[in-house]
Structures are given as structure tokens and as C-alpha cells.
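# Secondary and tertiary structure notes
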There are 2 protein chains.
Amino acid sequence: MKLRIFVTLKPGVLDPQGKAIHKALDGLGFGGVNDVRAGKLIELDVADSTDDAAIDEMCRKLLANTVIENYRVERA
Amino acid sequence: MKLRIFVTLKPGVLDPQGKAIHKALDGLGFGGVNDVRAGKLIELDVADSTDDAAIDEMCRKLLANTVIENYRVERA
């Protein structure tokens, strides 16, 4: 079973990587960019028997820092 | 207009970050994980007038390294 985990910073958390990308886009002449947020995409290939609780635990224990990050799981 | 850019390593390109996550999941006792690939998720808020060609150019010039990475654009 293929899973895609999207890890994004919570609103209000400073995002220096996103800011750097924003500045670089401006520097390259791309106007009209209002905001950039950088996150992570983790693609997992797990056994079909893996249940939702286990997937959730993986995210909370390792893949996302739930103090500052949100995560979303998508089954592909 | 909100965009989400998914940047993933091309098949065959070594992914040490994904390997490290895989090992850490094993170490935490999560069995049944066959493969892990790490990628990037970049959320852009751009002016509605931004056309597809400009978005594509942003990806090719800055957001993705097209030698080793694929990218996909999703309009949110």
C-alpha cells in the first residue's frame, strides 16, 4: 500500500526555508508571489495489513513534530 | 491562487534521507515498511494572473533540480 504523508508547518510558525525561496523567486524576477511555505512529502510503501492507528503513530512519533507541524495522510 | 508543488526524487536516484527514515521506523518497531522516499512540498500563494508557463519556469529554475527530481503542480 502506497501512502503519501504531507508534513506542513502550523500557521504562525516561522518558516525561514519558505522565506528564502520567496526571496529567490523575487530575485529571479517572478513577481506576484504572495507567500511561500516549505513542507515535506514522505512517500511510504507499507504492507497492506498496516492499519490506520499504526500509520498515525508513525507520523506522531517520527515523521512530524506535532508541536510545530501538521500532517495529512493520503492513500495512493 | 494557492499552488502546491510536489518535488520527488526520480526513480533510481539514491535517497539517504528516505533510507534514514526507513531505518528509524524499523528501529521504533514499525514492521511492514517496504520503502520510504523523502520529497518536498512547497506551497505557493501567487497572483491569480500567474500563468502556467511562469509556474513551470519557477519549478524548473528554482524549486526542483530536474536532473534528479520530478515535480508536479496542483492547484488548490
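Along each chain, numbering runs from 1 in the same order as the chain's sequence is written. Chains carry letters from A onward and ligands carry numbers from 1 onward, assigned in written order. pLDDT decides what is reported in this predicted model: residues at 70 or higher carry local features, side-chain atom pairs at 80 or more are listed and counted, and totals for whole chains, interfaces and linings draw on all residues regardless. Water and hydrogen atoms play no part in the side-chain values, which are based on all heavy atoms of the structure.

## Concerning the overall build of chain A
Rule in force here: Put simply, DSSP marks the helices as runs of H or I at least four residues long and the strands as runs of E at least two long, and each gets a number from the N terminus on. Atoms counted for the radius of gyration: C-alpha only. Globule rule: 2.2 Å times residue count to the power 0.38. Residue exposure (1.4 Å probe, protein chains only): buried if accessible area is under 20% of the type maximum, exposed if over 50%, otherwise partly exposed. What makes two residues a contact is simply this: any of their non-hydrogen atoms within 4.5 Å.
Along the backbone of chain A there are two helices and three strands. For 76 residues, the compact-globule estimate of 2.2 N^0.38 gives 11 Å, and the C-alpha radius of gyration of chain A, at 16 Å, exceeds that figure by more than 25%. Seen along its three principal axes, the alpha-carbon backbone of chain A occupies a region of about 50 × 25 × 15 Å. A buried classification covers 41% of the 76 residues belonging to chain A. Of the contacts made within chain A by residues no fewer than 6 positions apart, 70% connect residues no fewer than 24 positions apart.

## Some points on the sheet that holds strand β1 (residues 2–9) of chain A
We count it as follows: Two strands are counted as paired when DSSP detects at least two bridges linking them. Only C-alpha atoms enter the line fits that serve as axes; for helices the fit covers just the stretch in contact. Angles between N-to-C directions range over 0 to 180 degrees.
Judged by pairing direction, the sheet is antiparallel, and its six strands sit side by side in the order β3(A)-β1(A)-β2(A)-β2(B)-β1(B)-β3(B) without closing on themselves. In the strand order of this sheet, the two ends are held by β3 (69–75) of chain A together with β3 (69–75) of chain B, each with one partner. The sheet shows a mean angle of 25° between the axes of neighbouring strands, taken without regard to direction. Sheet topology note: the strand β1 (residues 2–9) of chain B/β3 of chain B ladder contains seven bridges and is antiparallel. The residue bridging Ile-5 of chain B from the neighbouring strand is Val-73 of chain B, located in β3 of chain B. Taken strand by strand, helix α1 (residues 16–27) of chain A contacts β2 (33–46) of chain A together with β2 (33–46) of chain B, and its axis lies near 125° from that of β2 of chain A. Strands β2 of chain A together with β1, β2 and β3 of chain B of the sheet are contacted by helix α2 (residues 52–63) of chain B, whose axis makes an angle of about 145° with β3 of chain B.

## Notes on the interface of chain A and chain B
Quick reminder of the rule: Throughout, buried area stands for the accessible area (probe radius 1.4 Å) lost by two parts on being put together, summed over both. By definition, a salt bridge exists where a carboxyl oxygen of Asp or Glu is found within 4 Å of a side-chain nitrogen of Lys or Arg. Any pair of N or O atoms that falls within 3.5 Å is considered a polar contact. Within protein, one atom must be able to donate a hydrogen and the other to accept it, and sequence-neighbouring residues count only if both atoms are side-chain atoms.
Listed as interface residues are 32 residues of chain A and, on the opposing side, 32 residues of chain B. Looking only at chain A, the three residues that lose the most surface to chain B are Phe-30, Leu-41 and Leu-62 of chain A, adding up to 20% of its buried area. Summed over the shared surface of chain A and chain B, the result is zero salt bridges. Joining chain A to chain B, the criterion identifies ten residue pairs in polar contact (both at pLDDT 80 or more).

## Examining the relation of the copies chain A and chain B
Which entries qualify depends on this criterion: A residue counts toward the fit only if its pLDDT is at least 70 in both copies, and the copies are then superposed by least squares on the C-alpha atoms of those residues.
Mapping chain A onto chain B is achieved by rotating through 180° and translating by 0.0 Å along the same axis, at an RMSD of 0.0 Å. On this basis, the relationship between the two copies can be described by a two-fold rotation axis. Measuring from the rotation axis to each C-alpha of chain A, the shortest distance belongs to Lys-40 of chain A, at 2.3 Å. Comparing interface residues between copies, 100% of those in chain A also lie at the interface in chain B; the contact surface is shared.

## Some thoughts on the pattern of salt bridges
Residues and elements named next belong to chain A. Evaluation of the coordinates by the stated rule reveals twelve salt bridges over all chains. In this structure, the salt-bridge partner of Lys-61 is Glu-57, at a minimum N-O distance of 3.1 Å. With Lys-61 and Glu-57 both in helix α2 (residues 52–63), this residue pair falls four residues apart, about one helical turn. A relative accessible area of 52% places Lys-61 in the exposed class. Since its relative accessible area comes to 30%, Glu-57 is described here as partly exposed.

## Here's the deal with the pairing of β2 of chain B
When β2 of chain A meets β2 of chain B, the two strands line up antiparallel, connected through 13 bridges. Within the sheet, the bridge partner assigned to Glu-43 of chain A lies in β2 of chain B and is Arg-37 of chain B. For β1 of chain B and β2 of chain B, the ladder comprises six bridges, and the chain directions are antiparallel. Looking at the pairing, Phe-6 of chain B lines up with Leu-41 of chain B of β2 of chain B.

Read these as spatial facts, not as claims about activity.
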